[in-house]
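# Inside the fold
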Amino acid sequence: MFADTLIEKLQKSQHLVILTGAGVSAESGIATFRDALTGLWKKYDAETLASEQGFRADPALVWGWYEWRRKQVLQAKPNPAHYAIAQLAEQLPKVTLMTQNVDDLHERAGSHNVLHLHGSLHQPRCLDCDQAYDLPKQADSKNTSNVESRIDPPHCYDCDGPIRPGVVWFGEQLPVNVWKLAQEACRECDLMLVIGTSGVVWPVADLPNFVNKDRGCVVQINPNITSLNGLASYNLSEKAGAILPKLYAAAFT
Ligand code: BV8
Ligand code: ZN
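Model, not experiment: these values are computed from the prediction. (Residues numbered from 1 in each chain as written. Chains lettered and ligands numbered in written order. Predicted model: local features only at pLDDT ≥ 70, side-chain atom pairs only at ≥ 80, totals over all residues. Heavy atoms only, no water.)

## Considerations on the site of ligand 1
Convention followed: Near is defined per residue: the residue qualifies when any heavy atom it owns lies within 4 Å of the molecule or strand. Throughout this description, a polar contact denotes any pair of N or O atoms lying within 3.5 Å of each other; where both atoms belong to protein, one of them has to be capable of donating a hydrogen while the other can accept it, and for residues adjacent in sequence the pair is counted only when both atoms sit in side chains. A 1.4 Å probe and the Shrake-Rupley method give the accessible areas. Residues count as covered only by the protein chains that appear here. Each residue is assigned to one of three groups, with Ala, Val, Leu, Ile, Met, Phe, Trp, Tyr, Cys and Pro labelled nonpolar, Asp, Glu, Lys and Arg labelled charged, and all others, Gly among them, labelled polar. Domain delimitation follows an automatic or database domain assignment.
In the region of ligand 1, 34 residues are neighbours, and Phe33, Tyr66, Gly171, Ser198 and Asn224 sit closest. Between an oxygen atom of ligand 1 and a side-chain N or O atom of His118, the distance comes to 3.0 Å. For ligand 1, the accessible surface in isolation is 1500 Å², of which the surrounding protein chains cover 75%. When grouped by side-chain class, the residues that make up the shell around ligand 1 number 16 nonpolar, 12 polar and 6 charged. Shared between two domains, the shell around ligand 1 takes at least three residues from each, and those domains are domain 1 (1-29 + 78-119 + 173-253) and domain 2 (31-75 + 125-164).

## Focus on the domain arrangement of the protein chain
Here is the rule: Throughout, a contact is declared for two residues whenever any of their heavy atoms are within 4.5 Å. Here the quantity called buried area is the total loss of accessible area, with a 1.4 Å probe, experienced by two parts when brought into contact, counted for both. The working definition used for a salt bridge is a side-chain nitrogen of Lys or Arg within 4 Å of a carboxyl oxygen of Asp or Glu.
Structurally, the protein chain comprises domain 1 (1-29 + 78-119 + 173-253) and domain 2 (31-75 + 125-164). The C-alpha-based centres of domain 1 and domain 2 are spaced at 28 Å. With 11 residues of domain 1 at the interface, the matching set in domain 2 holds 8 residues. At the boundary of domain 1 with domain 2, total buried surface from both sides reaches about 510 Å², with 55% on carbon and sulfur atoms. Three residues, Ala22, Gly29 and Arg108, lead the burial of domain 1 against domain 2; their summed loss comes to 48% of the area buried on that side. In this assembly, domain 1 and domain 2 are joined by 0 salt bridges. Counting every contact that joins domain 1 to domain 2 gives 1 residue pair in polar contact (both at pLDDT 80 or more). When its residues are assigned to classes, the side of domain 1 that touches domain 2 shows 5 nonpolar, 3 polar and 3 charged.

Laid out in structure tokens, this is it:
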């Protein structure tokens, strides 16, 4: 099933980087970013809704979309891919897990210190003063139906500004410290697994290029071809939830 060289590299890794995208949560029933544009939102494109301009233009439309997505996440469970990733971190001396996903499924599968390159659905904050806002654990009751709907965002306790999702929108800079840590980890690692990302969004799409060509090796896990296929030394064209437990078993049991 796997090349001996790949298994050996995984077993001997002194610093493994794992970069995940929406594909790792797909088998938990979380729509990937582009698929998430259904219903009320299907006539919009992701870059419009996932932007400050989009939010300012229609806060209820954008907040409703994020509440719908947050409800999906609250009802979802980690899948075997998330658990296999958490197990790898227990087996190896150093694993840096970085994700483009705004869900908390890695954490709920037992992963720690996850670098959220594009923020999180669970850290909303004030658009005007940046003050954090505590969302109720369950998604907005008005949005219990399956029909996607507009929801007026709550307002800041301090300045009454509108509360925005705690994600990195298009046109926004990634969290500076998280980005720095991600670049450093990719430069230093001896092996990088890139799992379930289309590699179209920058600057994250550039991270595999930071891996040292002599010392490092990039492995892609994605049932589809992406822009990374040329760069990766191994392309495992399988679903993450199916192949990661097998890869873990081949290397560590
Ligand atoms: C910035 C949070 C500057 C929000 C997200 C032209 C060229 C280059 C760059 C640009 C350009 N025009 C504009 C830009 C910049 C822009 C960009 O990259 N645009 C793209 C569309 C071209 N980038 C930005 O704006 C970034 N910021 O550049 O700031 C700056 C600098 C300094 C100071 C100020 C400003 C910010 C980008 C972050 C955007 N936020 N998410 C939210 O979630 O709502 S990005 C969002 O889309 C996701 O996080 C994800 O990263 C990305 C893609 O989403 P998906 O396609 O759903 O997911 P993914 O890519 O992960 O693909 C799914 C994959 O899974 C597929 O390949 C599929 O085959 C695979 N799969 C499916 N099932 C499975 C599977 N794999 C394994 N197993 C399975 N079962
Ligand atoms: Zn405020």
